Amino acid sequence: MTDSAAAARPVRVLLADDQPLLRTGFRMVLGTEDDLDIVAEAGDGLEAVELSRRLLPDVVLMDIRMPRMDGVAATRAIVDARLPVRVLILTTFDLDEYVVGALRAGASGFLAKDVPAEDLVTAIRTVAAGEAVVAPRILRRLLDRFADVLPDPAATPPKALHALTDREREVLVQVARGLSNAEIARALSVSETTIKTHVGHVLTKLGLRDRVQAVVLAYETGLVRPGA
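Residues numbered from 1 in each chain as written. Predicted model: local features only at pLDDT ≥ 70, side-chain atom pairs only at ≥ 80, totals over all residues. Heavy atoms only, no water.

A. Up close: the overall build of the chain. In terms of regular secondary structure, the chain is built from eleven helices and five strands. For the chain, restricting intrachain contacts to residue pairs at least 6 apart in sequence, the fraction spanning at least 24 positions comes to 68%. (Helix = DSSP H or I, 4+ residues; strand = E, 2+ residues; numbered from the N terminus. Contact = heavy atoms within 4.5 Å.)

B. Main features of the UniProt feature "modified residue: 4-aspartylphosphate" (unreviewed entry) in the chain. Taking the numbering used here, the UniProt-annotated feature "modified residue: 4-aspartylphosphate" (unreviewed entry) corresponds to D63. Inspection of the secondary structure assignment puts D63 in strand 3 (residues 59–63). Judged by its relative accessible area of 5%, D63 falls in the buried class. Apart from residues no more than four positions distant in its own chain, D63 is found in contact with A16, D17, D18, G71, L90 and K113. (UniProt positions renumbered as here; feature names shortened; annotations may be inferred. Buried < 20%, exposed > 50% of the residue type's maximum accessible area, 1.4 Å probe, protein only.)

C. Molecular detail of helix 6 (residues 117–128). The end-to-end C-alpha distance of helix 6 is 17 Å, a good match for the 16 Å that twelve residues give at a rise of 1.5 Å each. Listed as buried for helix 6 are L120, V121, A123, I124 and V127. Down the axis of helix 6, the buried set is contained in an arc of 160°. They therefore lie on one face. Those residues of helix 6 hidden inside the fold are in contact with strand 1 (11–16), helix 2 (20–30), strand 2 (36–42), strand 3, strand 4 (86–91) and strand 5 (109–112). Downstream of helix 6 by a residue or two, G130 has a phi angle that is positive, lying close to 100°. (Expected span 1.5 Å × (residues − 1). Arc of directions from axis to C-beta.)

In structure tokens form, the structure reads like this:
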């Protein structure tokens with residue numbers, strides 16, 4: 001498929017939520033967008049995995065708490081199967097620990113279930129384009145909750161970070177703070193293309209899937225801390 005054909009093809013979305021009313025709501029919102037195509041709906045995690053294998057949607061809009069298989073396990077199954085499918089988690093603030101598990105499992109981002117319709121649409125397009133959606137407000141709440149178990153950033157940097165150059169580590173810190181490539185470029189007085197290259201090197205060297213996992217790693221290793 002040519003690049004122009006790929007760009008013209010609608011983003012294929014799979015809705016995975018055990019509440020039919022919510023699925024209907026999402027379908028109504030997304031159905032108004034010409035570049036989004038709802039290919040199927042799943043009522044539980046196991047069905048979401050099976051439909052992902054069969055239909056290969058671009059993005060799975062995944063609830064976390066579902067019967068038979070929850071969203072974390074379903075995300076892990078999709079990622080482990082190396083399907084060309086990306087997962088966008090929808091959550092509520094009272095499920096923080098599930099969100100952390102989903103990110104570690106390989107989700108490409110997460111949003112609150114009460115997200116405005118336009119933000120949901122933008123997030124799906126972003127994830128489909130190969131980027132990650134980091135919601136700083138939710139991430140900050142998660143990290144504040146787990147701050148007591150995060151390592152001291154003044155301690156010796158973990159071996160995992162030794163492969164990074166000083167500039168790459170600096171870029172990782174900015175990514176962890178929720179800044180976009182353009183914002184990091186302005187902060188460091190370099191081009192956006194240069195930042196994109198640095199981010200790519202960081203992900204490759206650390207064996208990470210996307211920016212979301214980079215953010216989690218930055219906090220887990222103590223490179224940055226909540227509120228810093």
